[in-house]
Amino acid sequence: MPELSATKPNCQAQHGFLRKRSCVTQLLSVFHTIGHDLDKNIQTDVLYLDLAKAFDTVDHAIVLEKLRGYGVTGSVLGWFADYLNGRTQRVVVDGVASTWSPVTSGVP
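Because the structure is a prediction, the values reported are computed rather than measured.

### Comments concerning the overall build of the protein
Piece 1. What the protein contains, in helices and strands, is three helices and four strands.
Piece 2. The 108 residues of the protein split such that 16% are buried.
Piece 3. For the protein, contacts bridging at least 24 residues in sequence account for 36% of all contacts bridging at least 6.
Piece 4. Accessible surface for the protein amounts to roughly 8900 Å². Of this, 58% is attributable to carbon and sulfur atoms.

Spelled out as structure tokens, the structure:
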């Protein structure tokens, strides 16, 4: 089983949007990894986030402040901030584009 890492991309760890992979195969993979680590007396920390509904109407600044309040700091908080901040969007209809507008809430 390949090691899962947040710093090194691993396509073997990807389960979303792939044929013959699902939430169930992802969970089985994680349980296998945790069991392997327990057998070797290795600490395993797991964090699962389902952010889809959380971002529907919540202001991005509030999300970042809540994460800080829960103790998320450093590069993890920086990743969320980089992901949420500085986003813009526009609408194009029949080749005519609106002006760019900042995205400060909703699903990026």
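### Focus: the packing of aromatic side chains
Piece 1. As enumerated under the stated definition, the model contains two aromatic pairs in all.
Piece 2. A ring pair is formed by Trp-79 and Phe-80, whose centres lie 5.0 Å apart and whose planes are at 85°; its orientation type is edge-to-face.
Piece 3. Looking at Phe-80, the relative accessible area reads 8%, which means it is buried.
Piece 4. Plain terms: the ring middles of Trp-79 and Tyr-83 are 5.4 Å apart, the flat faces sit at 5° to each other, and that makes the pair stacked.

### What to know about a nonpolar patch on the surface
Piece 1. Taken together, the side chains of Leu-27, Phe-31, Val-46 and Tyr-48 make up a nonpolar region of the molecular surface, amounting to roughly 410 Å² of accessible area.
Piece 2. Looking at the secondary structure, you find Tyr-48 in the loop between α1 (23-39) and α2 (60-69).

### Quick word on unusual backbone geometry
Piece 1. Residues other than glycine seldom take positive phi values, yet Lys-20 does so here, at roughly 65°.
Piece 2. In this structure, Lys-20 sits in the segment before α1.
Piece 3. Phi at Asp-94 is positive, roughly 50°, even though this residue is not glycine.
Piece 4. Its place among the elements puts Asp-94 in the loop between β2 (92-93) and β3 (96-97).

### As for the nonpolar core
Piece 1. Counting residues in hydrophobic clusters, the biggest one holds eight residues: Val-63, Leu-64, Leu-67, Val-72, Leu-77, Phe-80, Ala-81 and Leu-84.
Piece 2. Those elements that provide at least two residues to this core are α2 and α3 (74-84).
Piece 3. The element best represented in this core is α3, accounting for four residues.
Piece 4. Every residue in contact with Leu-77, bar those within four places of it in the chain, is listed here: Leu-64, Leu-67, Arg-68 and Val-72.

### What to know about the packing of α2 against α3
Piece 1. Where α2 contacts α3, the two axes come as close as 10 Å, and the packing angle between them is 175°. Here α3 runs roughly antiparallel to α2, going by the angle between their axes. Where α2 approaches α3, its residues His-60, Val-63, Leu-64, Leu-67 and Arg-68 are matched on the opposing element by Leu-77, Phe-80, Ala-81 and Leu-84.
Piece 2. Each residue belonging to the contact of α2 with α3 can be placed in one class, and the counts come to seven nonpolar, one polar and one charged.

### Quick word on the confidence of the model for the protein
Low-confidence regions, as indicated by low pLDDT, have predicted coordinates that should not be scrutinised in detail.
Piece 1. Averaged over the protein, the pLDDT score is 82; the fraction of residues at 70 or greater is 82%.
Piece 2. Note on residues 1-9: pLDDT under 50 across the span, and seven contacts to partners over four residues away in sequence or across chains.

### A closer look at the environment of Val-63
Piece 1. With respect to the helices and strands, the residue Val-63 is situated in helix α2.
Piece 2. Distance in space between the C-alpha atoms of Val-63 and Ala-81 is 9.3 Å, their sequence separation being 18 residues.

Calculation criteria
- Residues numbered from 1 in each chain as written.
- Predicted model: local features only at pLDDT ≥ 70, side-chain atom pairs only at ≥ 80, totals over all residues.
- Heavy atoms only, no water.
- Helix = DSSP H or I, 4+ residues; strand = E, 2+ residues; numbered from the N terminus.
- Buried < 20%, exposed > 50% of the residue type's maximum accessible area, 1.4 Å probe, protein only.
- Contact = heavy atoms within 4.5 Å.
- Areas by Shrake-Rupley, 256 points an atom, 1.4 Å probe, with all protein chains shown as cover.
- Phe/Tyr/Trp six-rings, centres within 6.5 Å; stacked < 30°, edge-to-face > 60°.
- Patch = residues over 30% accessible without salt bridge, like charges linked within 9 Å, V, L, I, M, F, W, Y side chains within 5 Å.
- Salt bridge = Lys/Arg side-chain N within 4 Å of Asp/Glu carboxyl O.
- Core = buried A, V, L, I, M, F, W, Y, C linked by side-chain atoms within 4.5 Å.
- Axes fitted to C-alpha atoms, helices over the stretch in contact; angles between N-to-C directions.
- Parallel < 35°, antiparallel > 145°, perpendicular 65-115°, else oblique.
- Nonpolar A, V, L, I, M, F, W, Y, C, P; charged D, E, K, R; others polar.
- pLDDT = per-residue confidence, 0-100.

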